[in-house]
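Analysis of the macromolecular model
Chain residues, written in single-letter form:
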Amino acid sequence: MASGGSVPIIPNIEHNCVGDGVPAQVSTLVQHRSERSPSVSSERTLRAIGRVGQAVNLAVERFVTVGETIADDNPEIKQDMYEACKEARAAGCSIERLCEITATDPLGYPPPDGPLSDRSAMIRAARALLSSVTRVLLLADIVVVKQLLLAKDRVARSLCRMESVANFTEFVRAFSVFGAEMVELAHVTGDRQADLKEERRRAQMAAARQVLERSTMMLLTSSKTCLRHPECPDSRENRDTVFCQMRRAMDLIHYVVKDGVLETVAERLSPRGGGQVDWDSERATAFTSLRHFSRLVELSRPQVTETTPKVIGGGDVIEEAPAQRELTRSSSVRDRRIEGGGGRSSRAKNYASLERELVPPASRSAEAAMLGLSSVLVPETRDQLLASLDKVVEKTQDFTDSAYTTHEHRENILLLCDRAKLELNQLLRIAINTEPFATNTTDIDSAIESVQNAGQDLSQQLVLAVSDQVTELGHVIKAGIDIVNSLRNIALNQELDRLQECADRFHDYIDHILEVCKLLRHIALSETLQVQAKFMEINLKIYAPQVITAARALSAHPTSKIAKENLEVFVDMWQWLASDVSTVSKEIIEMAQAQTKPDKTEYLSLPRPGKHGTTSKPLKPTRLDQEEQEKIAKAGLEMKMLTNEMDAETDKWNGASDENNDIVKRAKNMSSMAFSMYQFTKGEGTLRTTQDLFTQAEYFAEEANRLYKVVRQFSYQVPAGQPKKELLENLDKVPTYVQTLQFTVKDPTVGKAATFVKVDHVIQETKNLMNVINKVVTTCFDCANKYKLDFSGLSGRVAAGSSRDDEGGSGGTGDSKGATTSTEGGM
């Protein structure tokens, strides 16, 4: 199968069946009631039933046609896919035939024993259709997984080629291939990430894609530095670290695509076997352990029921057996409060209220059975409660062992852990004393409330301990950024003693941030935030020290332009990671504080000050939120890859000085602008608002206009032939893309949704223009090398040649001044 041949087909296979409302139509047919009298079924209803059957069969036919197309391109699933499609087609025809029999009855209504009367035939056909369609979708998913793994393997092979190149020309060629394959991998992994149902897998895929995306620029500069200075061990360490981290990211993609196969195998080979509970795995944090402990305590709550005497229909007692006591779990907190009029404190209710109140009693009983729980009066349950609390105490050791936790918080955490142990021991003692008198559970309920309160207080104290460290985190990050900014000058001056001193202080700051990241993961309430905190810690541990390594490489070669650029790229990576820590820590703290604080009543009917509809103001330039950034992430990544290709192409021609080469200057300016626009799609860089992006796009169009005129002037030096023809073909596309971008920027919009659409269009048009500029610049350098042409002085000749451009009709880019018009209606 051709690469990516069925990627656009797979989504359509679901749309062909699901998108046409087939499930609803089949459900309507299955639920067609037989209670209605035959005379009630009107002719219109019967005709509608017939049309539904035809629509179902037609949708199934389109669905299986796509499935058969996929089978033709993939021999390994061809036989299974054809069989599944055959079954689906037969089920669709059966549904249509059953509906047709009903709709064409000569009396105008179905007979009492007709196909839709007892619904059994329709149910069988619907089940057959569901089974076969599910099988087709699973086979199609195998194809998608195969394509994703093939794309990942191609990128891995490209990495190996780049790692083994011996000269700069081979590296540029290998990097161009790598860039195209990375874009393809970004597309397929992005689609897969959107399809993943499990939150943790989705977050892991996002983390892996982010590592690959951010590491690409470091891969370029570190490899160039290593090729330029092969004798420098620091530059080689930079490069090897980036290669290693990118391979780890691709291993994570493979792991997620295989849906945790590695984890499943490890669990199967584990001595504990399949009895291992999820909270005791590598996911376990302080909060997940506390949540699990709270759930065990709640599920172990006993409730006594007594069997009632048997009575006959008239009310006479026929047998009065001795009352038998049976222990069961009570219902939810809310139900017990309604039934018994009692209640529990809001503080204990807060911590696990979502899990207890949203899960029905039957589900909780099933969960208790799965965990092996019966009641706190059972010895096995007591052992599980003690083991669960030991796990909580173990996880809190990361807080108490941290050098950055204050003495007060450390003492409070230890005291609360001791209190939780005492409360649990008290509960177990009461349970043992109460066991002979199982009808009296009042004391046990009270003891359970005390245990839950202790767990809630401990969770609040953990949040407070992390909150204090996060407050200091801003100062630590700022100090680290100041040190990083001074490293450049220190390295250029070759002040090795100062460099070592700065390195020691910088490592101290890194250790502090790593400690905060570890504690943040402990209190993260969602799996997405847990994964983000974990990979922030990993990336900081690996990439932050490489800033010092890059500085050492620069100090060894202070006149090397590429070594200086390499340091700047690693500094940018450090700043990205520091920004991620600030953003994610704020989200984790806010969510944790909202969960552990007592509920506050809000009166939503009262108007908020300054928020009245009559005083609303026009929308101001805003930043993109996380969801919007994810939607345009693909286009942003493609534009970043184009800037990397442009940088690699311009750096390849070392003989052309930037001061004398106008094409190089314009191309680098455009590459820098495009990169800043890419950073905007990630919520980073100097462009903060949508209006900043639109203004940057105007400047980008202007620069493209200037580059067009310079290249046009250069083309007069190129002799007639195929190279000149190719240059002019690419060059003539520039005016069209420039005008399209300018019109898109000037298009007025109102509202957040329309503004995001405009942002997406601006990114797409900038990417298209950057793509054609890449081709123009590459062709220019090919012509210059082939014919030994001169780049210098082109800007000075542009004015003289502008009239000639206008006469030839090839300079129709419009007045570049128009691009500077303010987009007042842009928001």
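Predicted model only: the values in this text are computed from it and were never measured.

What to know about the overall build of the protein chain
- For the protein chain, the count of helices and strands is 27 helices and four strands.
- Per-residue burial over the protein chain gives 48% buried out of 827 residues.
- Only carbon and sulfur atoms are counted for the fraction: they give 52% of the accessible area of the protein chain, which is about 39400 Å².

Here's the deal with helix 10 (residues 286–299)
- In a regular helix each residue adds 1.5 Å, so 14 residues correspond to 20 Å; helix 10 covers 20 Å between its end C-alpha atoms and thus fits that length.
- Summarising burial for helix 10: 12 of the 14 residues are buried, a large majority.

A word on the environment of E515
- Mapping E515 onto the fold places it in helix 17 (residues 496–523).
- Considering only alpha carbons, one finds E515 and Y404, 111 residues apart in sequence, at a separation of 7.9 Å.
- Not counting residues within four places of it along the chain, the set of residues in contact with E515 comprises S402 and Y404.

Notes on the packing of helix 22 (residues 662–681) against helix 23 (residues 690–715)
- Packing of helix 22 against helix 23 leaves a shortest axis separation of 9 Å and a crossing angle of 160 degrees. Taken together, the axis directions place helix 22 and helix 23 in an arrangement best described as roughly antiparallel. Of the two elements, helix 22 crosses helix 23, and the hand of that crossing is left-handed.
- Looking at the contact of helix 22 with helix 23 residue by residue, the classes come out as 15 nonpolar, four polar and four charged.

Side note on helix 8 (residues 233–257)
- Over its 25 residues, helix 8 runs 36 Å from end to end, which matches the ideal 36 Å to within 8%, given 1.5 Å per residue.
- Among the residues trailing helix 8, D259 stands out with phi positive, at a value near 60 degrees.

A word on the packing of aromatic side chains
- Per the stated rule, a full pass over the model turns up five aromatic pairs.
- Taken together, a centroid distance of 5.0 Å and an interplanar angle of 75 degrees make the contact between F506 and W574 edge-to-face. In this pair, F506 sits in helix 17 while W574 sits in helix 19 (residues 561–596), placing the two residues 68 residues apart along the sequence.
- Take W574: its relative accessible area is 1%, and that puts it in the buried class.
- The side chain of R228 reaches across the aromatic face of F168, ending 5.9 Å from its centre.
- Across from the ring centre of F694, 4.3 Å away, lies the NZ or CZ of K758, which sits over that ring.

Quick look at unusual backbone geometry
- Its identity is not glycine, yet Q494 carries a phi of approximately 55 degrees, on the positive side.
- Secondary-structure assignment places Q494 in the loop between helix 16 (442–492) and helix 17.

Re the pattern of salt bridges
- If you walk through the whole model with that rule in mind, you get 24 salt bridges.
- The partner of R89 in a salt bridge is E61, with the nearest N and O atoms 3.0 Å apart. Here R89 is found in helix 4 (residues 78–103), whereas its partner E61 is found in helix 3 (residues 43–73), with 28 residues between them in sequence.
- In this structure, E394 and K391 form a salt bridge, with 3.5 Å as the shortest nitrogen-oxygen distance. On the criterion of helical spacing, the pair formed by E394 and K391 is a turn pair, its members being three residues apart in helix 14 (residues 379–400).
- Assessed through its relative accessible area of 14%, K391 is described here as buried.
- Overlapping salt bridges, with partners in common, bring together D80, E83, E87 and R135 in one network.

What about the environment of E587?
- With respect to the element layout, E587 can be found in helix 19.
- Through-space distance from the C-alpha of E587 to that of L529 is 8.2 Å; in sequence the pair is 58 residues apart.
- Apart from residues no more than four positions distant in its own chain, E587 is found in contact with L529 and Q532.

What to know about the confidence of the model for the protein chain
- Confidence along the protein chain averages 75 in pLDDT terms, with 69% of residues attaining 70 or more.
- Within the model, the stretch residues 14–21 combines pLDDT values under 50 with 15 contacts to residues more than four positions away or in other chains.
- Note that residues 33–40 has pLDDT below 50 and, in this model, five contacts with residues that lie over four places away or in other chains.

Describing the packing of helix 6 (residues 168–195) against helix 7 (residues 199–228)
- Two elements in contact, helix 6 and helix 7, have axes separated by 11 Å at closest approach and are oriented at 170 degrees. As summarised for this structure, helix 6 and helix 7 are arranged roughly antiparallel, according to the angle between their axes. Contacts from F168, F171, F175, F178, M182, L185, A186, T189, G190, R192 and Q193 in helix 6 reach R202, M205, A206, R209, L212, T216, L219, L220, S223, K224 and L227 in helix 7.
- Looking at the contact of helix 6 with helix 7 residue by residue, the class counts come to 13 nonpolar, five polar and four charged.

So, the side chain of K758
- Along the chain, K758 falls in helix 26 (residues 752–787).
- One buried charged side chain, K758, makes no salt bridge at all; its nearest oppositely charged neighbour is D747, positioned 6.5 Å away.
- In terms of polar contacts, K758 uses its side chain to reach the backbone carbonyl oxygen of V745, at 2.8 Å.

The rules we used
Every chain is numbered independently, its residues counted from 1 as its sequence is written. Residues qualify for local features only when their pLDDT is at least 70, as the model is predicted, and side-chain atom pairs are given and counted only at 80 or more; totals for whole chains, interfaces and linings, by contrast, use all residues. Side-chain numbers here rest on the full set of heavy atoms in the structure, without hydrogens or water. Only DSSP runs of H or I with at least four residues qualify as helices, and only runs of E with at least two residues qualify as strands; both kinds are numbered from the N terminus onward. For each residue, the accessible area found with a 1.4 Å probe, counting protein chains only, is set against the maximum for its type, and the residue is called buried under 20%, exposed over 50%, and partly exposed in between. Exposure was quantified through the Shrake-Rupley algorithm and a 1.4 Å probe, taking into account, for residues, occlusion by the shown protein chains and nothing else. The span expected for a helix works out to 1.5 Å for each residue beyond the first. Residues count as neighbours in contact if any of their non-hydrogen atoms are within 4.5 Å of one another. Orientation is described by lines fitted to C-alpha atoms, with helices fitted over the stretch in contact, and by angles between N-to-C directions that extend from 0 to 180 degrees. Here the word oblique covers every angle except those under 35 degrees (roughly parallel), over 145 (roughly antiparallel) and from 65 to 115 (roughly perpendicular). If you view the pair so one helix is near and one far, a crossing is left-handed when the near helix is turned anticlockwise from the far one by less than a right angle, and right-handed when it is turned clockwise. All residues other than Ala, Val, Leu, Ile, Met, Phe, Trp, Tyr, Cys, Pro, Asp, Glu, Lys and Arg, Gly among them, are scored as polar; the first ten of these are nonpolar and the last four charged. Ring pairs are drawn from Phe, Tyr and Trp, using the six-membered ring of Trp, whenever the two centres fall within 6.5 Å, and their geometry is named by plane angle: stacked under 30 degrees, edge-to-face over 60, tilted for the rest. For a Lys NZ or an Arg CZ to count as sitting over a ring, it must be within 6 Å of the ring centre and within 35 degrees of the ring normal. The working definition used for a salt bridge is a side-chain nitrogen of Lys or Arg within 4 Å of a carboxyl oxygen of Asp or Glu. The predictor reports its confidence for every residue as pLDDT, a score running from 0 up to 100. The sign given to each residue is positive for Lys and Arg and negative for Asp and Glu; His and the chain ends receive no count. By the criterion applied in these results, polar contacts are pairs of N or O atoms within 3.5 Å in which, for protein atoms, one can donate a hydrogen and the other can accept it, and in which residues neighboring in sequence qualify only through two side-chain atoms.

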